[in-house]
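Secondary and tertiary structure notes
Okay, here's what each chain looks like letter by letter:
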Amino acid sequence: MAHHHSTPTLNELVTGVANRLKTAGTGFYLMVFIALVVVLASAGTGLMAMIKGHENYYNVYREVPWGVLIATYVFFVVSSTGLCLISSIGHVFGVQDFMPIAKRSVFLSIATILSGFFVIAFEIKLPWRMAIWNVISPNLTSNIWWMGTLYGIYLAFMFAEYIFLLMNKHTPAVVCGFSGSVAGIAAHSNLGAVFGLLMGRTYWQGPYMPIYFIASAMMTGCAVIIMFHILGYKLNREEMPSDMQRSLEVTTKVGILLICVILFFTTWKLLAGAAGQPDGAYPVVHSEVVGHHAFIFWFFEILMGMAGPLVLFVLSRGRNLSMMLIASCSMIIGIFVMRYNLVFLGQSLPVYYDLGVNEFKGMLHYAPSVYEWIIAAGGFGMTALLFLIGEKVFDGHKVEHH
Amino acid sequence: MNKHIDFDKLQNEGVENVSNQERRDFLKMGLAITGIFAGGTIFSAISTFNQAQASDFAKKYPYNPHYSMVMQQHRCIDCERCVVACNETNHVPKVHGAYRTTILEKETADALGGKREFIPVLCNQCNLPQCTRVCPTKATYKDQTTGIVLMNIKKCIGCLTCQEGCPYNARYFNEEKKAVDKCNFCWDTRLSKGEKDTACAHACPADVRVFGDLSKQDDRVFKIVHQIERPVWVLRPEAGTRPNVFYTKG
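Residues numbered from 1 in each chain as written. Chains lettered and ligands numbered in written order. Predicted model: local features only at pLDDT ≥ 70, side-chain atom pairs only at ≥ 80, totals over all residues.

1. Some words on the overall build of chain A
A tally of regular secondary structure across chain A gives 13 helices and 0 strands. N-terminal to C-terminal, the α/β element order of chain A is α-α-α-α-α-α-α-α-α-α-α-α-α. Against the compact-globule benchmark of 21 Å for 402 residues, chain A has a radius of gyration of 22 Å, which places it among compact chains. The principal-axis extents of the C-alpha atoms in chain A amount to approximately 75 × 50 × 40 Å. Burial status across chain A gives 51% buried among its 402 residues. (Helix = DSSP H or I, 4+ residues; strand = E, 2+ residues; numbered from the N terminus. Rg over C-alpha atoms; globule rule 2.2 N^0.38 Å. Buried ≥ 20, exposed ≤ 12 C-beta atoms within 10 Å, placed from the backbone.)

2. A closer look at the overall build of chain B
What chain B contains, in helices and strands, is 7 helices and 10 strands. Looking at chain B as a whole, 44% of its 250 residues are labelled buried. Within chain B, counting contacts between residues at least 6 apart in sequence, those at least 24 apart form 61% of the total. (Contact = placed C-beta atoms within 7 Å.)

3. Structural notes on helix 2 (residues 26–52) of chain A
Side chains that are three or four residues apart share a direction in an α-helix, a result of its 3.6 residues per turn. All names here are of chain A. Along its 27 residues, helix 2 runs 38 Å from first to last C-alpha, staying within 8% of the 39 Å computed at 1.5 Å per residue. Residues of helix 2 that are buried include every one of Ala-35, Val-39, Ser-42, Thr-45, Gly-46 and Ala-49, and no others. Packed against the buried residues of helix 2 are helix 4 (102–123) and helix 13 (370–393). Looking one or two residues beyond helix 2, the residue adopting positive phi is Gly-53, at roughly 105 degrees. (Expected span 1.5 Å × (residues − 1).)

4. Remarks on the interface of chain A and chain B
Think of interface size as the accessible area that goes away when the parts come together; that is how it is often given. Across the boundary between the two partners, chain A contributes 37 residues, which contact 40 residues of chain B. Listing elements by their share of the side of chain A that touches chain B, those giving two or more residues are helix 5 (127–136) and helix 6 (143–166) of chain A. Ranked by residues supplied to the side of chain A that touches chain B, first place goes to helix 5 of chain A with 5 residues. Among the residues forming the side of chain A that touches chain B, the class breakdown is 17 nonpolar, 11 polar and 9 charged. (Nonpolar A, V, L, I, M, F, W, Y, C, P; charged D, E, K, R; others polar.)

5. Looking at the sheet that holds strand 9 (residues 232–233) of chain B
The strands that make up a sheet pair up through hydrogen bonds in the backbone, lying either parallel or antiparallel. Residues and elements named next belong to chain B. Strand order in the open sheet formed by 4 strands is 8-1-10-9, with mixed pairing between adjacent strands. Looking along the sheet, the strands with just one partner apiece sit at the ends: strand 8 (209–213) and strand 9. In this structure, strand 9 lies alongside strand 10 (residues 245–248), joined through 2 bridges in antiparallel fashion. Bridge pairing in strand 10 links Trp-233 to Tyr-247. (Pairing = 2+ DSSP bridges.)

6. Thoughts on the pairing of strand 8 of chain B
Residues and elements named next belong to chain B. Most of strand 8 is tucked away: 5 of the 5 residues are buried. Here strand 8 shows no split at all, with Arg-209, Phe-211 and Asp-213 on one side and Val-210 and Gly-212 on the other all buried. Pairing between strand 1 (residues 67–72) and strand 8: 5 bridges, direction antiparallel. By the bridge assignment, Met-69 is partnered in strand 8 with Phe-211.

7. So, the confidence of the model for chain B
Residue and element names in this part refer to chain B. Put simply, chain B has an average pLDDT of 85, and 80% of its residues get 70 or more. Scored below 50 in pLDDT, residues 35–51 shows 30 contacts in the model against residues more than four places distant or in partner chains. As scored by the predictor, the complex reaches a pTM of 0.88 and an ipTM of 0.90. (pLDDT = per-residue confidence, 0-100.)

8. A short note on the packing of helix 9 (residues 242–274) of chain A against helix 11 (residues 294–316) of chain A
All names here are of chain A. Helix 11 packs onto helix 9 with a crossing angle of 150 degrees between their chain directions and a minimal axis gap of 10 Å. Judged by the angle between their axes, helix 9 and helix 11 are roughly antiparallel. Handedness of the crossing formed by helix 9 with helix 11: left-handed. Of the residues in helix 11, those touching helix 9 at Thr-252, Gly-255, Ile-256, Ile-259, Ile-262 and Leu-263 are Met-306, Pro-309, Leu-310, Phe-313, Val-314 and Ser-316. Classifying every residue of the contact of helix 9 with helix 11 gives 9 nonpolar, 3 polar and no charged. (Axes fitted to C-alpha atoms, helices over the stretch in contact; angles between N-to-C directions. Parallel < 35°, antiparallel > 145°, perpendicular 65-115°, else oblique. Left-handed = near helix turned anticlockwise from the far one by under 90°.)

9. Here we look at the confidence of the model for chain A
The predicted structure's coordinates, where accompanied by low pLDDT, should not be read in detail. In this model, chain A carries an average pLDDT of 93, and 97% of its residues clear a pLDDT of 70 or more. The spread of mean pLDDT over the elements of chain A runs between helix 1 (residues 10–23) of chain A, the lowest at 80, and helix 11 of chain A, the highest at 97.

10. Structural notes on the nonpolar core
Residues and elements named next belong to chain A. Among the nonpolar cores identified, the biggest contains 172 residues, and Val-74, Val-119 and Ala-223 are the most heavily contacted of them. Broken down by element, this core gets its largest block of residues, 15 residues, from helix 3 (residues 68–91). Residues in contact with Ala-223, not counting those within four places in the same chain, are Gly-255, Ser-328, Met-331, Ile-332 and Ile-335. (Core = buried A, V, L, I, M, F, W, Y, C linked by C-beta atoms within 7 Å.)

11. Points about the environment of A:Gly334
Residues and elements named next belong to chain A. Structurally, the position occupied by Gly-334 is in helix 12 (residues 321–347). Taking the C-alpha atoms as reference points, Gly-334 and Glu-301, separated by 33 residues in sequence, lie 4.9 Å from one another. The contact partners of Gly-334, leaving out residues within four places of it in the chain, are Phe-300, Glu-301, Met-304, Gly-305 and Met-306.

12. Quick notes on helix 3 of chain A
If you check helix 3 of chain A, its first and last C-alpha atoms are 34 Å apart, about what 24 residues at 1.5 Å a residue would give, namely 34 Å. The element helix 3 of chain A is largely enclosed, with a buried count of 24 among its 24 residues.

13. What about the packing of helix 8 (residues 208–235) of chain A against helix 9 of chain A?
To describe two helices that pack against each other, one gives the angle between their axes and the distance between the axes. Residue and element names in this part refer to chain A. Where helix 8 contacts helix 9, the two axes come as close as 9 Å, and the packing angle between them is 150 degrees. By the angle between their directions, the pair helix 8 and helix 9 is classed as roughly antiparallel. In terms of crossing hand, the pair formed by helix 8 and helix 9 is left-handed. Contact residues: Tyr-208, Tyr-212, Ala-215, Ser-216, Met-218, Met-219, Cys-222, Ala-223, Ile-225, Ile-226 and His-229 in helix 8; Met-244, Leu-248, Thr-251, Thr-252, Val-254, Gly-255, Leu-258, Ile-259, Val-261, Ile-262, Phe-265 and Lys-269 in helix 9. Tallied by class, the residues present in the contact of helix 8 with helix 9 amount to 17 nonpolar, 5 polar and 1 charged.

Below, the structure written as structure tokens:
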């Protein structure tokens, strides 16, 4: 751990970055290359869809207008909010054990939200209109409007916070971190409300979604923090210092708690949709638990996303890094599918289902097209790319000691 | 063994000896068949004469003219002239999933005398629309004069949240217009040009779609939705959007 007390000059910084990039191995550049190719393929596919018409490339349709790209966007902003909230325990609220994860987490919260914006730009049909009309024709009753606006503010605070962290300016960093957390919670609960306040969609409707989204973000934050910190040290071929190990140990404990919270939430969500067989929710819960969607739900969302990682985290005692890496990777895959389930299942019941008409007797189906998958992959490529470059440019996000 | 009943030789028992309970049971069976107990999806005024009126669904008629449509559902034969007229009048693209109005088909295997019924659907021009609440840019809005839910297509960002919010599947993304499209009671194509009805109502040969103004008591729509002889209901009242498209039959 470096112990700088004088601020380095710009020349020293540039030389440092250049040296780190020069000494990086072939493996590093191969990974950067792959990530870059994925991002470019994704951007190319997205632009092609935008120009030639989304309907020619995406499998979403009138009754299921939101597909894997919305799910991917939700996944990334969930991750970003979670990174912000979990890391704020240390550098905003002063819990020492969480301090070492601050820099990398704040950096990754910016990387993940940019990845989310990257994907949503190709999901929304006319994103350039959004830039204009969101500003000059705001609808204050719209959760989408609040979410977009608040995430914009959130991103600005996170940028400012990261810069202050780099400059070792503690007080403004705390102010920005706290403001970012507030904006993040407001933005993210509004994203939950985008789903939760739709009166005609019983599976989503109610206060559950905004609350679930915040708890779920914190759970995701733990997984992402654990995974990227372990990967960061592997990438830089450095031994993890004891204070960082302690940090991941407490993050693992918080992660265990939050997995239990989400398992608890999910249990009651399912029971509420089953008991009394409520119209609009029961057929969805049925397909989720025992029907057409059951394998995806049980294998990815429950086993890979929560139950498996819960066992591994407990067995790791927060110290067995290999076990924690496997658990967090599994969790991230599971959480991605969890977001997909949330977005798709809410739409899977036709609005005219209870009318009993021939056109809408069954559940709706949707499978993403290869183009949608490529664009979704671009989000992951972008996070990977920013992570890799960030490790070299910001020297493993080392935290200065005061 | 089949037990045949020879109807020709049966005596008419008359109705004098039918108990009130039997009358009620029979009526209940009829009501069940016509869908009043169909999972709470439709609400009928028949069981609460003089209590539930169209004005209860719409709460009040704040617009002038307060445009509305009543579907005389029993008259629909699914000829789809309404759909064709709508598509032509409003330049609806000829692609799958693009329509402003359509006719749904329901099997009524239990019903006496009929095997299916047809349910025309379109935008319900709700008094409390979800779509306008969720739109981030006010690209869709409730017209302050007529109550019609309109689109300002240049503001539409294509997030499709209005499609998610609509409990009536009344919206689709129109690739030609580059905006979400929906029924606007032919506002731009007919009403604003002095026509008195919509293309679909005009084209209907069976007088299914009755278009009118709920703010006028002598209007045909007002009279149909306020009579108490026949049931009047709306689709998906539980969504709470206070629709202005009503259904009746019988």
